[in-house]
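Single-letter residue listing:
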Amino acid sequence: MSLRPHRPVHHRTTTVRGHEIAYREAGPADAPVLLLLHGFPTSSHMFRDLIPLLSDRYRLIAPDHLGFGRSATPSATEFPYSFAQLAEITGEFTEQLGLKEYALYVQDYGAPIGLRLALAHPDRVTAIITQNGNAYEEGLGTEAWAPVRALIAGRTPGTEAAVREISSPDGIKWQYLHGVPQDRQDQVSPDAYQHDAALMARPGQPDIQLDLIADYGSNFALYPAFQEYFRSSRVPLLAVWGAHDEIFVPAGALAFLRDLPEAEIHLLPTGHFALETHAGQAAALIGDFLARNLSR
């Protein structure tokens with residue numbers, strides 16, 4: 001029996017604009033880079049099962065966004081939390097690490113952050129893998145997005161209260177378990193949602209997360225620019241998408257075909273955090289996709 005060579009996962013930090021950014025890194029230093037950008041309410045922890053499955057062939061780098069995971073969490077009065085700011089921090093992070101080019105893996109919040117990087121430096125992005133990382137209006141689940149749209153329209157105590165529930169322990173657990181078939185829900189480790197809930201309970205987090213959610217409308221405004229980037233760049237794109245996600249629904253995955261007819265779309269029978277139940281299948285699809293679209 002042959003086994004893939006083991007590549008250790010390193011847990012490192014660097015400083016960007018005076019803020020400590022934590023990141024996971026694995027794989028050969030000279031291999032093609034896959035930059036993994038996590039979503040809400042998690043961190044690079046969401047990639048813990050995927051990274052070892054790809055690190056024999058690729059250099060994987062997964063930062064925790066500012067305000068998330070093990071990265072610094074300056075208060076909302078000390079840092080202007082917005083998706084534009086997080087994208088700028090991430091761009092400077094890649095430059096500090098000397099990343100000349102990279103494939104993007106984006107999920108949830110990671111999508112508007114990563115696609116802003118692509119708009120700023122399209123020559124650096126070699127391919128895109130999207131796991132429930134949206135760029136189209138039709139990808140927004142109506143019921144899940146109703147409280148967010150209300151907050152974007154007007155920030156009041158009432159609209160804030162509705163959105164705060166998203167960051168509660170029950171709200172976070174729902175994000176992990178909704179859409180996962182009943183007979184596979186025991187494959188979702190409680191460690192995942194309990195880990196996120198503990199980090200979201202830290203002082204200052206409610207204001208940080210409210211500022212970011214209230215800013216999500218800035219991403220809607222960029223959807224036409226993202227779509228034009230797809231058309232003009234013809235960037236290779238793979239969607240590995242939880243088909244039962246009620247937040248970013250499957251129509252958002254299929255919409256990529258409108259601007260990238262050669263995009264590869266795979267709808268997996270699970271929910272928002274597809275890697276919790278389908279990391280092995282996702283890794284196989286990603287490995288095949290990158291092998292065909294990247295050159296060493």
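Residues numbered from 1 in each chain as written. Predicted model: local features only at pLDDT ≥ 70, side-chain atom pairs only at ≥ 80, totals over all residues. Heavy atoms only, no water.

1. Some remarks on the nonpolar core
Consideration 1: If you look at the biggest cluster of nonpolar residues, it comprises 68 residues, and the most contacted ones within it are Ile 128 and Phe 230.
Consideration 2: If sequence neighbours within four positions are ignored, Ile 128 has contacts with Leu 104, Val 106, Leu 115, Tyr 229, Phe 230, Val 235, Pro 236, Leu 237, Leu 238 and Phe 289.
Consideration 3: Ranked by size, the runner-up nonpolar core spans 26 residues in total, among them Leu 34, Ala 127, Leu 275 and Ile 286. (Core = buried A, V, L, I, M, F, W, Y, C linked by side-chain atoms within 4.5 Å. Buried < 20%, exposed > 50% of the residue type's maximum accessible area, 1.4 Å probe, protein only. Contact = heavy atoms within 4.5 Å.)

2. Things to note about the pattern of salt bridges
Consideration 1: Going through the model one piece at a time under the given rule, you end up with 16 salt bridges.
Consideration 2: When the shortest N-O distance is used, the salt bridge between Arg 258 and Glu 138 registers 2.7 Å. Residue Arg 258 is located in helix α11 (residues 256-259), and its partner Glu 138 is located in the loop between β6 (125-130) and α4 (142-153); the two are separated by 120 residues in the primary sequence.
Consideration 3: In this structure, the salt-bridge partner of Arg 155 is Asp 211, at a minimum N-O distance of 2.8 Å. (Salt bridge = Lys/Arg side-chain N within 4 Å of Asp/Glu carboxyl O. Helix = DSSP H or I, 4+ residues; strand = E, 2+ residues; numbered from the N terminus.)

3. Considering unusual backbone geometry
Consideration 1: Residues Phe 40 and Pro 41 are joined by a peptide bond in cis, for which omega reads 0°.
Consideration 2: Turning to its location among the elements, Pro 41 is positioned in the loop between β3 (33-37) and α1 (50-54).
Consideration 3: Despite not being glycine, Asn 132 has its phi angle at roughly 55°, a positive value.
Consideration 4: Among the structural elements, Asn 132 can be located in the loop between β6 and α4.

4. Notes on the environment of Pro 28
Consideration 1: Inspection of the secondary structure assignment puts Pro 28 in the loop between β2 (19-26) and β3.
Consideration 2: Put simply, Pro 28 and Met 200 are 172 residues apart on the chain and 33 Å apart in space, counted from C-alpha to C-alpha.

5. Observations regarding the packing of helix α3 (residues 110-120) against helix α9 (residues 217-233)
Consideration 1: Interhelical geometry of α3 versus α9 gives an angle of 50° and a closest axis separation of 10 Å. When the axis of α3 is compared with that of α9, the two are oblique. In the crossing of α3 with α9, the sense of the turn from one axis to the other is left-handed. Side by side, α3 and α9 meet where Pro 112, Leu 115, Arg 116, Ala 118 and Leu 119 of the first sit next to Ser 218, Asn 219, Leu 222, Ala 225, Phe 226, Tyr 229 and Phe 230 of the second.
Consideration 2: Considering only residue class, the contact of α3 with α9 consists of nine nonpolar, two polar and one charged. (Axes fitted to C-alpha atoms, helices over the stretch in contact; angles between N-to-C directions. Parallel < 35°, antiparallel > 145°, perpendicular 65-115°, else oblique. Left-handed = near helix turned anticlockwise from the far one by under 90°. Nonpolar A, V, L, I, M, F, W, Y, C, P; charged D, E, K, R; others polar.)

6. So, the packing of α4 against helix α8 (residues 205-214)
Consideration 1: The geometry of α4 relative to α8 is characterised by a closest axis approach of 9 Å and an angle of 85° between their N-to-C directions. One way to sum up the angle between α4 and α8 is to call them roughly perpendicular. For the pair α4 and α8, contact is made by Val 148, Leu 151 and Ile 152 and by Leu 210, Ile 213 and Ala 214, respectively.
Consideration 2: Grouping the amino acids of the contact of α4 with α8 by side-chain chemistry returns six nonpolar, no polar and no charged.

7. Considering the packing of aromatic side chains
Consideration 1: Within this structure, the stated rule accounts for 21 aromatic pairs.
Consideration 2: Centroid distance Tyr 176 to Phe 273: 4.1 Å. Interplanar angle 15°. Geometry classified as stacked. Of the two residues, Tyr 176 is situated in helix α6 (residues 169-177) and Phe 273 in the loop between β8 (264-268) and α12 (275-293); the sequence distance between them amounts to 97 residues.
Consideration 3: With relative accessibility at 4%, the residue Phe 273 sits in the buried group.
Consideration 4: Geometrically, the ring pair formed by Trp 241 and Phe 256 is edge-to-face, given 6.4 Å between the ring centres and 65° between the ring planes. Pair noted here: Trp 241 is in strand β7 (residues 237-242) and Phe 256 is in helix α11, with a separation of 15 residues, a long-range link. (Phe/Tyr/Trp six-rings, centres within 6.5 Å; stacked < 30°, edge-to-face > 60°.)

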